Structures are given as structure tokens and as C-alpha cells.
Amino acid sequence: SLKWIQTFSCQVLNERVGVMRPVQVLCPRSMAKVVKMAAKKMKISAKYASKHFGEEVDKQVRMMKKVEKVRRHRGRVRGYKKGRRNRKPSRKKEKGGDHSKFLNIKQMYEWYEALETKYDILKLDTIGETLEGIDIKIVKINSENAELPVIFIDAGIHAREWISPAAVMFFIAKMLRMIQKGKGDGNLNSFQWHIVPVANPDGYQYS
């Protein structure tokens, strides 16, 4: 039903298309009215999500460049504060890794390997390999007790989904500290935790 759109040099943006589901289409500005009229003739409801999409993207890019420039400037200013270079690492970085920035795949896996060395209840396994040859890892906590029910968590399915792998890192670090302090009885220790920190390493690394 959507093949007619291709004749107008339009691109379907939805990852999945189904019956009675809305579809987002990106068309050349010169073809927008023609496409809308064609959809109306086919009794398909159509409306503009944006009439100036290119301008909106350019505006967002300019805004992000300004934000990045301000961040770099603040970083330089902070670097000259007295005692900044010699200060001790924060407790957050010592305990749960560096949560102030996004890590690449290699840094992330190295962090999990360090956790495996530190905590006996954590096991890091490889469950597959991507097209680009990157291992797909799974983190298992309390997995030695096979009778416990399993809670499965995955993150980083989409290429630009940066926040979920970072959130999982924070979650795992917090969980391990709580279990180590004896605060996991009755809840955390009642389950096996199987966590895939990055389900799409190729896409994550590329973006």
C-alpha cells in the first residue's frame, strides 16, 4: 500500500509498518502538496508533521554546536582552578566507573571485566558476535544458584541509544555495592540477574 509513495521520491521513516498504524514519510518540499493530495484521493488521512524539517535539523545542529562550545570552555576554565589537578578521584568514579561521560565499547567491556575480577557473584560471558566481529556480552549476577528465577535486562538495542547502556552500568554498580553491604537479602539476592549491557555493539560504536 505504500509503494506509490516511492514514485514521489519519499522515504518511509518508520522501522516497522503495519495495518492501521501511523506512518512517517520524509518527502522533498516540492512534492509535499502532491503527496498529500494523492493520499487524500486514496482516502488516507495525511497531515504535515513539519513543513520546514531541513531548517529545524540545521537549527538543532547549530544549537548543539553552541552547547558543545560552552562545555569545552567550561572544562578549560575548571581546569585552572586551584587544586583541580591534584584532587582525589570522586567516590562515584572509584565505586561505579566514570558516569560523567559515555564510554565506547572497549572501555565498557574493560569496566565489566574489572567488576568480574572484583566480585565473585558476577560472571561475564560472550553470547554471540556481531557482523563486525565485536563480542556481545552478558553479565550474570547470582547465576550460580540455578534454582532462582531469572530477571533479564537488555540495553543498547538501537544504534543511538546511548543512555540505556550507561544506565545499566550505574544500575549494576549500585546493585553490587548493595549486595556486598548485605542490603540485597529478600530482593536482589532472590533472583538471578542476566543483563545484556549492549545488544547492538556495532551500531553503538558507530554512532
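Computed from a predicted model, the values in this text were never measured in an experiment. (Residues numbered from 1 in each chain as written. Predicted model: local features only at pLDDT ≥ 70, side-chain atom pairs only at ≥ 80, totals over all residues. Heavy atoms only, no water.)

A. Structural detail: the overall build of the protein. Of the regular secondary structure elements, the protein holds seven helices and six strands. Counted from the first residue to the last, the protein has its helices and strands arranged as α-β-β-α-α-α-α-β-β-β-α-β-α. Among the 207 residues that make up the protein, the fraction classed as buried is 26%. When the accessible area of the protein is evaluated, it comes to approximately 15900 Å², of which 54% is carbon and sulfur surface. (Helix = DSSP H or I, 4+ residues; strand = E, 2+ residues; numbered from the N terminus. Buried < 20%, exposed > 50% of the residue type's maximum accessible area, 1.4 Å probe, protein only. Areas by Shrake-Rupley, 256 points an atom, 1.4 Å probe, with all protein chains shown as cover.)

B. Quick look at the pattern of salt bridges. Within the structure shown, the criterion is met by three salt bridges. Put simply, lysine 137 and aspartate 135 hold a salt bridge, and the shortest N to O gap is 3.9 Å. Overall, the relative accessible area of 30% leaves aspartate 135 in the partly exposed class. (Salt bridge = Lys/Arg side-chain N within 4 Å of Asp/Glu carboxyl O.)

C. Examining a positive patch on the surface more closely. A contiguous patch of positive charge on the surface is contributed by Arg29, Lys33, Lys36, Lys40 and Lys51. Structurally, the position occupied by arginine 29 is in the loop between strand S2 (25-26) and helix H2 (32-41). On the basis of relative accessibility, which here comes to 61%, the residue arginine 29 falls in the exposed class. (Patch = residues over 30% accessible without salt bridge, like charges linked within 9 Å, V, L, I, M, F, W, Y side chains within 5 Å. Lys, Arg positive; Asp, Glu negative; His and termini not counted. Charge placed at Lys NZ, Arg CZ, Asp CG, Glu CD.)

D. Quick peek at the side chain of threonine 130. One can find threonine 130 in the loop between strand S3 (122-129) and strand S4 (135-141). Residue class for threonine 130 comes out buried when judged on its relative accessible area of 12%. Separated by 2.7 Å, the side chains of threonine 130 and aspartate 202 make a polar contact. Apart from residues lying up to four places away in sequence, threonine 130 is in contact with Ile136, Pro201 and Asp202. (Polar contact = N/O pair within 3.5 Å; in protein donor to acceptor, adjacent residues only side chain to side chain. Contact = heavy atoms within 4.5 Å.)

E. Representation of the confidence of the model for the protein in the model. Confidence in the prediction of the protein, expressed as mean pLDDT, is 83, and 87% of residues score 70 or more. Per-residue pLDDT stays below 50 along residues 88-96; that stretch engages in 11 contacts with residues further than four places along the chain or on separate chains. (pLDDT = per-residue confidence, 0-100.)

F. How the structure looks around the packing of aromatic side chains. Taken as a whole and judged by the stated rule, the model has four aromatic pairs. Ring plane angle 65° and centroid distance 5.4 Å describe the contact between phenylalanine 102 and tryptophan 162, whose orientation is recorded as edge-to-face. Of this pair, phenylalanine 102 sits in the loop between helix H4 (91-96) and helix H5 (105-118) while tryptophan 162 is found in the loop between strand S5 (150-154) and helix H6 (163-180), placing the two residues 60 residues apart along the sequence. Relative accessible area serves as the criterion here: at 34%, tryptophan 162 is assigned to the partly exposed category. Judged by centre distance (6.2 Å) and plane angle (70°), the ring pair of phenylalanine 191 and tryptophan 193 falls under edge-to-face. The class of phenylalanine 191 is partly exposed, set by a relative accessible area of 29%. Put simply, the rings of Phe171, Phe191 and Trp193 touch in pairs and so form one group of aromatic residues. Positioned over the ring face of tyrosine 48 is lysine 36, at 4.5 Å from the centre of the ring. Here the basic side chain of lysine 137 rests over the ring of tyrosine 109, its NZ or CZ set 5.9 Å away from the ring centre. (Phe/Tyr/Trp six-rings, centres within 6.5 Å; stacked < 30°, edge-to-face > 60°. Lys NZ or Arg CZ within 6 Å of the ring centre and 35° of its normal.)

G. How the structure looks around H5. The end-to-end C-alpha distance of H5 is 20 Å, a good match for the 20 Å that 14 residues give at a rise of 1.5 Å each. For H5, the full list of buried residues reads Ile105, Met108, Tyr109, Trp111, Tyr112 and Leu115. With its buried residues spanning 155° around the axis, H5 presents them on a single face. Exposed side chains of H5 directed beyond 90 degrees from the buried face belong to Lys106, Thr117 and Lys118. The N-capping residue of H5, defined by a side-chain oxygen 3.2 Å from the backbone nitrogen of lysine 106, is asparagine 104. (Expected span 1.5 Å × (residues − 1). Arc of directions from axis to C-beta.)

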